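Architecture and fold: a report
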Amino acid sequence: MDFKERFLVHRGIIIIILLFIAANALFLNFYKDVWWDSSVYIGMGKYIFSSGSSGLWEESRPLLFPFLLGIGWKMGFDTVIFGRVISLAFAGLALFMIYLIGSRLFSRKIGLMAAFFLGFSFTFFFFSSNILTEIPSIFFMLLAFYFFIGNRFFLMGLFSGLAVITRFFQVFMVSGMILAFLFYFFNKKGFCKKLFYFAMGFSIPVIPLIFLNYHLYGDILTPIKVQMHLSRTTGLANYHEYWFYFAGLLKENFLLVFFIAIPFFFRKDYRFYALLLAPIIHLAVFSVVRQKEMRYALLAVPFLCLLLAYCLWQIYEKTKNKQIAVEIFSVMVVLFLLTGFISLKDSLSYQQQLNDEGLRHFQDYIRDAKGKIWITNPIYALYSESKIDGLLYYKSGPNLIKFLRENEADTVLFNNCDMECPPLGLDKECIESRQELTRKLLKMELIYDEKVNSCRYQVFTS
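Residues numbered from 1 in each chain as written. Predicted model: local features only at pLDDT ≥ 70, side-chain atom pairs only at ≥ 80, totals over all residues. Heavy atoms only, no water.

1. Some points on helix α17 (residues 357–367)
For clarity, the threshold we go by: Between buried and exposed lies partly exposed: a residue is buried under 20% and exposed over 50% of the maximum accessible area for its type, with that area taken using a 1.4 Å probe on protein chains only. Helix and strand definitions follow DSSP, with helices as H or I runs of at least four residues and strands as E runs of at least two, each counted in order from the N terminus. To obtain the arc, one takes the directions from the helix axis to the C-beta atoms. The contact criterion used is simple: two residues touch if any of their non-hydrogen atoms lie within 4.5 Å. For this analysis, a polar contact is any N or O atom pair within 3.5 Å, provided that within protein one partner can donate a hydrogen and the other can accept it, and provided that sequence-adjacent residues contribute only side-chain to side-chain pairs.
Listed in full, the buried residues belonging to α17 are Gly358, Leu359, Phe362, Gln363 and Ile366. Taken down its axis, α17 places every buried residue within 135° of arc, on the same side. Of the surrounding secondary structure, the elements contacted by the buried residues of α17 are β1 (373–375), β2 (388–391), β3 (411–415), β4 (445–452) and β5 (455–461). Put simply, aspartate 356 is the residue that caps the front of α17, since its side-chain oxygen is 3.3 Å from the backbone nitrogen of glycine 358.

So, in C-alpha cells, the structure goes:
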C-alpha cells in the first residue's frame, strides 16, 4: 500500500487530528496562563540540564517529562512554547493511538468516533497544551494497551513502565490490564513466559528510576511518600464528594449516559475486560481521595471514549431506522461540541495571571536575582535562569522549621496566599512553621509590597 492509499484509508483520523491541532492553536492565542505544576516541570528541566545551577527541584515529581522539557531549554527554545508544542504533539499521537486501538478491537468507524470524542472532550482538549504529565502518560498508556491487545507483552510492559514513570498514577490503569491478563492467561499454556516478557519490559524504564531515587534521596519511595503527603495537606479548595468525577464526566460529555447499554453488549474477551477494568479502578481510587480535580480523571477518559463509541455503534446497529438514528446522533454531537465550547469560553474568561501585577513583578524581578533565592510559588521562577534554593510552599511544617533554622536567603519572594495551612490534624506544626518564617522575614529588608485582591506580594532581601 503506497502513501496515497494509506492517506485515503486513514484520512478520517488525519482530518480529526488536524482539526484538533487547529482548534488548539486558536485556543492558545487567547489562553496565556501557565499552571503551577507546569512551572515545576520546566524548572526541573532547567535543573537537570544545568547540573543544578539553574531551575528548581521537587522530589515528588516523575522525571521523564521534565527531562524532555529540559532538552528544549538546552537548545535555546522558549520553554513555555516548547512545552506546549511537545504536549500538543503527544495529544495528537494519543488521538492516533485511540483510533488504532478502536480499529483493531472493534472497527475503524468506532476508532474514529472514539478519537473524535477524546479530542474534543473539554478536559482532554484543555489540558492537551498545558505542559502537564497527563497527556504524555496517556500516549504511553495507549501504546501499552495497543500492544496488550496484540499479545506483544514485552512492549506492553515497556510502555506501561514509561507511562508510570511519566505519571505515577498510571499504575492504577496498568493494574486493570494486569488483572485482565491474569484472569485470562493464568491457567493457559505459556502464562509464565508472557508474564516474564511483561515484567522484563516494565523493568527497563522502572528499575533505573528506582536506583536513581536511591542515589538522590536514599529511599526509593521518596517521590511517592512526598506525593502522598502533598495530596493530604494541599489543595483544600479542591476537596469534593465521592461522586465528583462521575458528575463531572457526565457534565462534560452527557453521551456517557449510554454506558447503561454496556451489559447488553458485553464481550467475553479479556481485552474488553481490561478496557472496562482500567478506568473503573482508576476512578474508584481517586473518588476515595478527598482532593479532586477533573484532570485526575483524564487518564481514564480515552478508555471511556472507546467504550462510549462501542456502545453508540452497537445501538446504531440495532436501530431499524438508520436515518433517524444518524439525525439524532448528529444533534447530540452538536450539543456535545457546544458544551465544550461553553466550558472553554468560561476558562478563557478566568485567566488569573493576565492582570496580576504582583506576579508580573516577581517574574521580572527574579530574572536578574543573584544569590540564594526562596520562593512561595514555582510560577515566579518560570522565566528565570537563576537557581532556586528554597521552595517554601513545598515543605511540611517540621521540614520548613528545620530548613529555616539551618539556611539563610539573599532574596525571598513571598505571597501569603501560597502559604495557607491545612487543617491542624494534617500538619500539626504548620502554624509554628509560618511563625518561624515570619520571624525570618522580619530580619530582612522589605523592598516590594503590593496587595492584589486578597493576596499580598512581598520581596525581601538580606
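After that view, the rundown keeps rolling.
2. Some details on the environment of lysine 46
Counting through the fold element by element, lysine 46 comes out in helix α3 (residues 36–49). With 125 residues separating them in the primary sequence, lysine 46 and valine 171 have C-alpha atoms 27 Å apart. Beyond its immediate sequence surroundings of up to four residues, lysine 46 is in contact with Ser54, Gly55, Trp73, Thr79, Ala381, Leu382, Tyr383, Ser384 and Glu385.

3. Some remarks on the packing of aromatic side chains
We apply this condition: Put simply, two rings from Phe, Tyr or Trp (the six-membered ring, in Trp's case) pair if the centres are within 6.5 Å, and we call them stacked under 30 degrees between planes, edge-to-face over 60, tilted for the rest. Lysine NZ or arginine CZ positioned within 6 Å of the ring centre and within 35 degrees of the ring normal marks a charge as sitting over the ring.
What the rule picks out here adds up to 57 aromatic pairs. Positioned above the aromatic ring of tyrosine 146, the side-chain terminus of arginine 104 is 5.1 Å from the ring centre. Across from the ring centre of phenylalanine 403, 4.6 Å away, lies the NZ or CZ of lysine 395, which sits over that ring.

4. Observations regarding the nonpolar core
Our working rule: What makes a nonpolar core is a set of buried Ala, Val, Leu, Ile, Met, Phe, Trp, Tyr and Cys residues whose side-chain atoms join them at distances within 4.5 Å.
Phe124, Phe145, Phe148, Ile375 and Val412 are the most contacted members of the largest nonpolar core, which totals 145 residues. Considering each element in turn, this core owes the most residues, 13 residues, to helix α8 (residues 134–149). Ignoring any residue separated from it by four or fewer positions in sequence, one finds phenylalanine 148 in contact with Phe153, Met156, Met177, Ala180, Phe181, Tyr270, Arg271 and Ala274.

5. Overview of the side chain of glutamate 252
Keep this limit in mind: Counting rule for charge: Lys and Arg are taken as positive, Asp and Glu as negative, and neither His nor the chain ends is counted. By convention in these notes, a salt bridge is any Lys or Arg side-chain nitrogen within 4 Å of a carboxyl oxygen on Asp or Glu.
Looking at where glutamate 252 falls in the secondary structure, it is placed in helix α13 (residues 244–252). No salt bridge is formed by the buried glutamate 252; its nearest oppositely charged neighbour, lysine 251, is found at 9.5 Å. Non-local contacts of glutamate 252, meaning those with residues more than four positions away in its chain, are made with Ser121, Phe122, Thr123, Met294, Phe336 and Thr339.

6. Remarks on the state of the cysteines
Heads up, the condition is: Throughout, disulfides are identified as pairs of cysteine sulfur atoms within 2.5 Å of each other.
Here the structure, examined in full by the defined rule, presents 2 disulfides. Disulfide partner of cysteine 417: cysteine 455, at an S-S distance of 2.1 Å. Between cysteine 417 and cysteine 455 the disulfide shows an S-S torsion of about -105°. By sign, it is left-handed. Here cysteine 417, found in the loop between β3 and α19 (430–442), pairs with cysteine 455, found in strand β5; they are 38 residues apart in sequence, far enough to count as distant. Disulfide pairing places cysteine 421 opposite cysteine 430 at an S-S distance of 2.0 Å. Given an S-S torsion of about -90°, the disulfide between cysteine 421 and cysteine 430 has left-handed geometry. With relative accessibility at 26%, the residue cysteine 421 sits in the partly exposed group. Here cysteine 430 falls in the buried class, since its relative accessible area comes to 1%. Counting its disulfide-bonded cysteines in sequence order, the chain shows a connectivity of 1-4, 2-3. Cysteine 305 forms no disulfide, and the closest cysteine sulfur to it belongs to cysteine 311, at a distance of 12 Å.

7. Here's the deal with the confidence of the model for the chain
Here is the rule we go by: Per-residue confidence from the prediction method is given by pLDDT, with values spanning 0 to 100.
The share of residues in the chain with pLDDT of 70 or more is 97%, and the mean pLDDT across the chain is 91. The least confident element of the chain is helix α1 (residues 3–9), whose mean pLDDT is 69; the most confident is α8, at 97.

8. Re the sheet that holds β1
Let me state the cut-off plainly: For two strands to pair, DSSP has to find at least two bridges joining them. Axis angles are defined between N-to-C directions and span 0 to 180 degrees, where every axis is a line fitted to C-alpha atoms and, for a helix, only to the segment in contact.
Judged by pairing direction, the sheet is mixed, and its 5 strands sit side by side in the order β2-β1-β3-β5-β4 without closing on themselves. Unpaired on one side and paired on the other, β2 and β4 mark the two borders of the sheet. Averaged over all neighbouring strand pairs, the angle between strand axes comes to 15°, with direction disregarded. Bridging between β4 and β5 involves 7 bridges; their strand directions are antiparallel. Note that in β5 the partner of tyrosine 448 across the bridge is valine 459.

9. Remarks on the environment of serine 347
For serine 347, the position within the fold is in helix α16 (residues 322–348). Considering only alpha carbons, one finds serine 347 and aspartate 33, 314 residues apart in sequence, at a separation of 10 Å.

10. Side note on unusual backbone geometry
Peptide bonds are, in most cases, trans, and in most cases residues other than glycine have a negative phi. Of note in the backbone geometry, isoleucine 131 takes a positive phi value of approximately 60° without being a glycine. Here isoleucine 131 shows up in the loop between α7 (122–127) and α8. Residue class for isoleucine 131 comes out buried when judged on its relative accessible area of 1%. Of note, asparagine 151 is a non-glycine position whose phi angle comes to about 60°, a positive value. With respect to the helices and strands, the residue asparagine 151 is situated in the loop between α8 and α9 (153–166). Residue asparagine 151 is classed as partly exposed on the basis of its relative accessible area of 40%.

11. Overview of the side chain of threonine 166
Tracing the backbone through its elements, the reader meets threonine 166 in helix α9. A residue is classified by how much of its surface remains accessible, and threonine 166, at 1% relative accessible area, is buried. Side-chain polar atoms of threonine 166 contact the backbone oxygen of leucine 162, separated by 2.6 Å. With near-sequence residues (within four places) excluded, threonine 166 lies in contact with Pro62, Leu64, Thr133, Pro136, Ser137 and Phe140.

12. Thoughts on the environment of serine 454
Mapping serine 454 onto the fold places it in the loop between β4 and β5. Along the backbone, serine 454 and histidine 10 are 444 residues apart, and their C-alpha atoms lie at a distance of 53 Å. Non-local contacts of serine 454, meaning those with residues more than four positions away in its chain, are made with Asn416 and Cys417.

13. Some thoughts on the packing of helix α5 (residues 79–105) against helix α6 (residues 108–119)
Basically, it comes down to this: Comment on the angle field: the value is read as roughly parallel under 35 degrees, roughly antiparallel over 145, roughly perpendicular from 65 to 115, and oblique elsewhere. Crossing handedness follows the turn of the near helix against the far one: under a right angle anticlockwise gives a left-handed crossing, and clockwise gives a right-handed one. Nonpolar residues are Ala, Val, Leu, Ile, Met, Phe, Trp, Tyr, Cys and Pro. Charged residues are Asp, Glu, Lys and Arg, and all others, Gly as well, are polar.
The interhelical angle for the contact between α5 and α6, taken along N-to-C directions, is 150°, at an axis separation of 7 Å. In this view, α5 runs roughly antiparallel relative to α6, as classed from their interaxial angle. Taken as a pair, α5 and α6 cross one another with a handedness that is right-handed. Contacts between α5 and α6 involve Leu95, Ile98, Tyr99, Gly102 and Ser103 from the former and Arg108, Gly111, Leu112, Ala114, Ala115, Leu118 and Gly119 from the latter. Classifying every residue of the contact of α5 with α6 gives 7 nonpolar, 4 polar and 1 charged.

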